[in-house]
Structure formats: C-alpha cells, structure tokens
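Structural overview for review
Listed below, chain by chain, are the residues.
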Amino acid sequence: MTHAGESSVAGMATLETLQFDNTFIRELPGDELSQMDKVKANVPRQVEGAMYSLVEPTRVAKPSLIAFSRECAKLLGLSEEECARPEFAKALGGNTLLSGSEPYAACYGGHQFGNWAGQLGDGRAMSLGEVVTGTGERWELQLKGAGPTPYSRRADGRAVLRSSVREFLCSEAMFHLGVPTTRALSLVATGDQVVRDVMYDGNPAPEPGAIVCRVAPSFIRFGNFEIFAARGDKKNLERLARYTLDRHFPDLSVEHDKPLTDALPKMLQRVCETTAEMVAAWQRVGFVHGVMNTDNMSILGITIDYGPYGWVDNFDRKWTPNTTDNSMKRYCFYNQPGICVWNLVRLANALLPLVGEPAPLEQALASFEKTYLAVEARDRAAKLGFSEWRGGESGEDSKLWEDLEGLLEKWETDYTILFRQLAQVPAVSGPPPAAVDTDAMLDSVLARAFYAPPTPGQRVMWGKWLQRYVARARDDGADDAARRARMDAVNPKYVLRNYLAQEAIERAEASGDASSVHELLELLRRPYDEQPDKEERFYQRRPEWARSKVGCSALSCSS
C-alpha cells in the first residue's frame, strides 16, 4: 500500500520530495516591501531596484486536473501515478505550497510592438522555485494564472481555460516537433469564473478559469536586462548579468571582481545563435508566435509565452494570428527572423553599459544571420528531400524554393500538407522529368493540399515546377524511399491547428469534457508519424467554417 508522500514507482520522486534550490531569489535582490509583507505588498505598482517580488498564489474554488504531460513529469522525476494524486492538482492549482517552494514574480520591462513599454513583469505568472532533479538538472516551475502580483497592472492575474488549453498543448506540441521551447507539466481547472473581453470589443463575459504549470531551465527574458538599463541601474544590471553567466553560461562566467567586457559579447553571441536556431525551427514547421515583444524572448533561445500563436494553413508570408497586429503585420510569418534581430539589438543595447564599446556587441549580433542562414539552408534542403542546399541565396535551390512559395501563395495551398504530400512524388522511380505526368501528380498526390482545384493555367505552372523538382531530386542521387524518409523527418504530418484547439476548448467549456484535449496531446506526441487511424480526422485542410471564426484564425492577447 502506498501512503501520501511515498512514491508509487521505485526511484521516482513525489511532490513532497521534490528538491528546491531557489538561486534566483537567494542570489539576487528582491522587492523589500514584499519581503516585509508579501500580502499587503501585492498591489500594482512600480518596483524599483529589485529582480522580483515575493507573492503567494490565490486560492481557487475547486482545483481539478484536466491533463498533464507524462514526458514533462519525467523530467522532474515524477511518475504518472504521482500526477494523478489529488495533491498534484491542489499544488499546481495554487491551493497548497510544496515544501521548499518560495513563490515570486519577476520584474522586467520590454518593447511591445516596437515601443518601449516600461515595467511589465510577471503579471499573470509566478514561479514556485527551482527544482533540482536526481540527475542534477535544474527546472524552474511557474504557474500561469495563479493570481495577482505587483506587476498585474489592471488585471486579476488569472487565466481562462481557453488560453490555458492552448498554452498547455502548444508547449508540448512544439517539444515533440523538435522546436526549442518551454514545457507544460499540467493543466488544472480552478472551478472559478474569470471575466474577459475576448476581442476587446466592449463585450466582457465570464469564462472558466485554469492554471498551467510551465517548466523551463529559466524564464529570464531580454526584458529582465532592459528594465535596469532603461532605469540607469547599472549595479543591478551587472548583478543580473553575472547571475545569468554563472547559472546559464558557466563556461563564460568570470570572477566577480573581474569586468564583463569579454564575457557579455560572448554570451550575446550564444543568445543570437540559439535564437536563430529557434526561429528557423518556427519557419520550418510553419509556426507563427504572434507576440514577439522583447519581454517574450528567452535568454536561452527557447519559445516562451504562447498567446495568439498559430500554424500557417493556406500559405501567406504576411499572415499573423494576432488581431492586435492585423494592420501592422509586424509579427507575421516572414517577419519573424528580422524581428528576432531587432529584439537582439535591444538586448545588446541593454548590455552596452557593462561592455562600454559597441563593436564587440555588434560583432556578436552578426552571428545571428550566419547561424540562421545555415540552419535555414539545411532545413529547406531537407524539406525538399535534398541531401544539401545548392548555390547559396541566389542559386538553383533558392530559385526552386522561391518559385514554390510563389505558387503556394498565389493559389491557396496548405503549407503542412503540401510538403508532406510532395514526399510522395515519384522522382527517381518515375519517368524522366520531361515525360512526368504532372496532371496525375496534381490530382492524385498534391490535391489534398489545395483549397480549390487548380485551374488549367495553374496546372501549367505547377507542372513546370514539378518537372524542375523531379529533375533536381534525380540529380541529388537518393532513391525515392530515402528522399521521403528525409522529408518526413522534418515536415510534420500533424500540427496544432487553431481550429482543432478551438474545438477541444469549446467541448471542455461546454461540458467539462477534456477528451479532445487528451486526444490532441496524444496525437501531437508523434507529429512526424503516419498514425493512419488519425489521418481522416486530423490530416485535413482548415475547414471553411474556421476561416474567420474567432479562435480558429483570429486571436487576441486576452487570456
């Protein structure tokens, strides 16, 4: 018989035995007011000279577990049986504190839509602390939607089920796609109602509340550095920089009586490289973040803060899922790499007071383009099934890619399905390029990706492109099976389409039935596998009814 607090699986941890080692609050200065009385201090205000404020989760009416990630639980040494305990939902719903947990909300600033926004901070999130696992890994646990903090401004610090389902599913979906990301351990219903104005149109309404437990090595953002640089607080800027080096870039760490003039440009270069790899992965799978403000950019180059995100359905370079960005298109699909550079420049500017000279930082910034172009070339070659990318930015393969994107954008074509179906084109085993039956390919292989059948003129243009593609694939030398394997390894068959998430949300909201959430979580654990029993339901173009429905194509930041 297993008793509370004992592990039901040999060698696994329990909630009660998780080992916390909270370096962020131990080694960095906190908000003095919150340290004196964190309850009375928990009012919206400017917090000066501090990295964080101590807070406490606000109790909820009835915490109940909706879903958890077994893979994320395993990172912490927790078994599936442990996650099913009632104590799990209570702790990750904010009603009980784990031993060793010291909840806090971080102070940071940021540029939002290109403009300096001043102090922002964790207004809807609070970290429980840093768990050190039996293997020595360190993971920060953070509750999103657990109540107000000094950074909540006019909000209540809560999150609704709608946004929480989306964050939970997307965090794990991105991990299984191979995209650098924060993780999600759990999704807990609160039993409370939260009032939100979904489309900011003056029609607020109550919605069921929920809390997500996010997991990452760190949630330090570009904005953590920006706030101290903007305030001219060089002392705390340096303390944060040294902490970040010590904890997350230990090979670059320097003794605390030594200057940071050499270490910080090297750190910035690492951040540029990992950020480039991250955004290249977004582009590879057709993901659009939607809110690439500097307070939503991780110092570790991992995707954080899943708000109005989406996957490209019909290919459109300028598509954004964020209603707030409809007019500017600042954070649209094709702008994402350039916005990363813009954000990295803001980080470099924040580090400049500690480096003194801009030249080393400018040199570090140049590493983004070098890394991004190399990863992009590798990924595009693999997406087309080629062993290598030929000719650089202006060469043969670039022209082939650009012409393909032109076809995709001119006639509505599903981005995910097109590349998956293209892998089935018989290139080596079929007739020579000039004799390829392109009509048959369009009708039997690629038709699934088209939102409408190609017209005669479109068929001609697609046919010419397919002949060029077959010729290039033949010249590459791999047989069709090897080419398909290469393509299927980088072109997912299943992604978290907005309409699928919305269907799961509506079902959970209407009846409390989370089966669709579980079904999607299971599907997205193997996004590159065929899963033939799932194909009819999930390997489909966005339905017409979802084209303009709120939550299926257009989303706001409301949560």
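Everything below is about the structure printed above this text.
Scope of this entry: the structure provided in the associated data block. Please read these numbers as outputs of a predicted model, since none were measured by experiment.

1. Points about the overall build of the protein
Of the regular secondary structure elements, the protein holds 19 helices and 12 strands. Radius of gyration (C-alpha) of the protein: 24 Å, near the 24 Å computed for a compact globule of 559 residues. Here the C-alpha coordinates of the protein stretch approximately 80 × 60 × 55 Å along the principal axes. When burial is assessed residue by residue, the protein has 58% of its 559 residues classed as buried. Residue pairs in contact within the protein that sit at least 24 positions apart in sequence constitute 72% of those at least 6 positions apart. Carbon and sulfur atoms provide 52% of the accessible area of the protein, an area that totals close to 22,000 Å². Taking the 65 positively charged and 76 negatively charged side chains of the protein as two groups, their mean positions are separated by 2 Å.

2. Some details on the environment of Met-441
Within the secondary structure layout, Met-441 lies in helix α14 (residues 438–446). Look at Met-441 and you get buried, because its relative accessible area is 7%. Between the alpha carbons of Met-441 and Leu-128 there is a distance of 54 Å; along the sequence they are 313 residues apart. What Met-441 contacts, discounting residues up to four positions off in sequence, is Val-425, Pro-426, Val-436, Leu-446, Leu-466 and Val-470.

3. Structural notes on the pattern of salt bridges
Per the counting criterion, the structure on display carries 53 salt bridges. Notably, a salt bridge pairs Lys-38 with Glu-56, separated by 3.6 Å at the nearest N-O pair. Here Lys-38, found in the loop between α2 (32–36) and β2 (52–54), pairs with Glu-56, found in the loop between β2 and β3 (64–68); they are 18 residues apart in sequence, far enough to count as distant. Residues Arg-138 and Glu-130 are paired through a salt bridge, measuring 3.0 Å at the closest nitrogen-oxygen approach. For Arg-138, a relative accessible area of 25% puts it in the partly exposed group. With relative accessibility at 4%, the residue Glu-130 sits in the buried group.

4. Some words on the nonpolar core
If you look at the biggest cluster of nonpolar residues, it comprises 138 residues, and the most contacted ones within it are Phe-225, Trp-311, Leu-384, Leu-446 and Trp-462. Per-element accounting of this core gives the leading share, 13 residues, to helix α9 (residues 263–285). When residues no more than four places from it in sequence are discounted, the contact partners of Leu-446 are Leu-418, Gln-421, Leu-422, Val-425, Met-441, Trp-462 and Leu-466. By size, the runner-up hydrophobic cluster in this structure holds 33 residues, among which are Leu-76, Cys-83, Ala-146 and Leu-185.

5. Comments concerning the packing of aromatic side chains
Following the criterion strictly, the structure yields 26 aromatic pairs and no others. Between Tyr-309 and Trp-311 the ring centres are 6.1 Å apart and the planes differ by 85 degrees, which places this aromatic pair in the edge-to-face class. Assigned by exposure class, Tyr-309 and Trp-311 land together as buried. Ring pairs connect the aromatic residues Phe-315, Phe-333, Tyr-334, Trp-389, Trp-401, Tyr-415 and Phe-419, which therefore count as one cluster. Above the ring of Trp-342, the side-chain terminus of Arg-346 is found at 4.0 Å from the ring centroid.

6. Some words on the pairing of strand β5 (residues 109–112)
Bridge count for β5 against strand β6 (residues 115–119) is 3 bridges, and the pairing is antiparallel. Paired with Gly-109 across the bridge in β6 is Gln-119. Between β5 and β6, which pair antiparallel one after the other, the connecting turn spans 2 residues, and Phe-113 there sits at a positive phi close to 55 degrees.

So, how was this worked out
- Residues numbered from 1 in each chain as written.
- Predicted model: local features only at pLDDT ≥ 70, side-chain atom pairs only at ≥ 80, totals over all residues.
- Heavy atoms only, no water.
- Helix = DSSP H or I, 4+ residues; strand = E, 2+ residues; numbered from the N terminus.
- Rg over C-alpha atoms; globule rule 2.2 N^0.38 Å.
- Buried < 20%, exposed > 50% of the residue type's maximum accessible area, 1.4 Å probe, protein only.
- Contact = heavy atoms within 4.5 Å.
- Areas by Shrake-Rupley, 256 points an atom, 1.4 Å probe, with all protein chains shown as cover.
- Lys, Arg positive; Asp, Glu negative; His and termini not counted.
- Charge placed at Lys NZ, Arg CZ, Asp CG, Glu CD.
- Salt bridge = Lys/Arg side-chain N within 4 Å of Asp/Glu carboxyl O.
- Core = buried A, V, L, I, M, F, W, Y, C linked by side-chain atoms within 4.5 Å.
- Phe/Tyr/Trp six-rings, centres within 6.5 Å; stacked < 30°, edge-to-face > 60°.
- Lys NZ or Arg CZ within 6 Å of the ring centre and 35° of its normal.
- Pairing = 2+ DSSP bridges.

As far as function goes, none of this settles anything; it's purely spatial.
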